[in-house]
Amino acid sequence: MSAPNPKLDPEGAKAFLQRPRALLTAQEQQLQYILRLHSHPMPCPLCEHPNDQFHSADDTKQVGELYDGKYQCVKCGIELRPIVPFVRLAEPGWHWRLADDARQVLLRLWTEHRAAG
Ligand SMILES: [Zn+2]
């Protein structure tokens, strides 16, 4: 059992999200929940463009499966990491952080820029 990836199958994902909870199996309910949270766009820390976890991933990301690929902002292209804080205050309960490599590159550019004065 899997749920449609909204990047690859937008109509299928939309239909899956609209299915009444009462008609879903426990596993389908869990996938619907994950699909809803990960489809919620959150702002890129660099350019503030809203990105969901499917459109910023490559095509191998599956709903509810571990994902080994990279996330990138669809607008500025910076590499992102989804972060789930210990205390989840409200849905979707996650936000983006710049990937470590991306932060290092930006820090180096900024330091060079300041030094060039
Ligand atoms: Zn961005």
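We now turn to the structure provided with this report. This one's a predicted model, so the numbers in the text were calculated from it and none came from an experiment. (Residues numbered from 1 in each chain as written. Predicted model: local features only at pLDDT ≥ 70, side-chain atom pairs only at ≥ 80, totals over all residues.)

**Some remarks on the environment of Leu107**
Part 1 of the argument: Summarising the element assignment, Leu107 is placed in helix H3 (residues 100-116).
Part 2 of the argument: For Leu107 and Pro85, which are 22 residues apart along the polypeptide, the C-alpha to C-alpha distance reads 24 Å. (Helix = DSSP H or I, 4+ residues; strand = E, 2+ residues; numbered from the N terminus.)

**Re the packing of helix H1 (residues 10-18) against helix H2 (residues 26-39)**
Part 1 of the argument: Following both chains from N to C, one finds H1 and H2 inclined at 120°, their axes separated by 10 Å at the closest point. Between H1 and H2, the crossing angle belongs to the class labelled oblique. Our pair here, H1 against H2, has a crossing hand that is left-handed. Listed contacts from H2 to Ala13, Phe16 and Leu17 of H1 are Gln32, Leu35 and Arg36.
Part 2 of the argument: Tallied by class, the residues present in the contact of H1 with H2 amount to four nonpolar, one polar and one charged. (Axes fitted to C-alpha atoms, helices over the stretch in contact; angles between N-to-C directions. Parallel < 35°, antiparallel > 145°, perpendicular 65-115°, else oblique. Left-handed = near helix turned anticlockwise from the far one by under 90°. Contact = placed C-beta atoms within 7 Å. Nonpolar A, V, L, I, M, F, W, Y, C, P; charged D, E, K, R; others polar.)

**Quick word on the pairing of strand S4 (residues 79-83)**
Part 1 of the argument: Bridge analysis of strand S3 (residues 71-72) against S4 gives two bridges, and the strand direction is antiparallel. Paired with Gln72 across the strands is Glu79, a residue of S4.
Part 2 of the argument: As consecutive antiparallel partners, S3 and S4 are separated by six residues, and within that stretch Gly77 has a phi angle of approximately 85°, a positive value.
Part 3 of the argument: Both S4 and strand S5 (residues 95-98) contribute to a ladder of four bridges, which runs antiparallel. The residue bridging Ile83 from the neighbouring strand is His95, located in S5. (Pairing = 2+ DSSP bridges.)

**Some words on the nonpolar core**
Part 1 of the argument: Cys44, Phe54, Ala57, Tyr71, Cys73, Ile78, Leu80 and Trp96 together form the largest nonpolar core, which totals eight residues.
Part 2 of the argument: Sequence-distant contacts of Ile78, defined by excluding residues within four places in its chain, comprise Cys44, Leu46, Gln72, Cys73, Leu98 and Ala102.
Part 3 of the argument: In this structure, Ala13, Leu31, Leu35 and Val63 belong to the second largest nonpolar core, which totals six residues. (Core = buried A, V, L, I, M, F, W, Y, C linked by C-beta atoms within 7 Å. Buried ≥ 20, exposed ≤ 12 C-beta atoms within 10 Å, placed from the backbone.)

**Remarks on H3**
Part 1 of the argument: Across its 17 residues, H3 extends 24 Å between first and last C-alpha, which sits within 8% of the 24 Å expected from 1.5 Å per residue.
Part 2 of the argument: Counting buried positions over the 17 residues of H3 gives zero, only a small fraction of the element.
Part 3 of the argument: Of the residues flanking the end of H3, it is Gly117, one or two places downstream, whose phi is positive at about 50°. (Expected span 1.5 Å × (residues − 1).)

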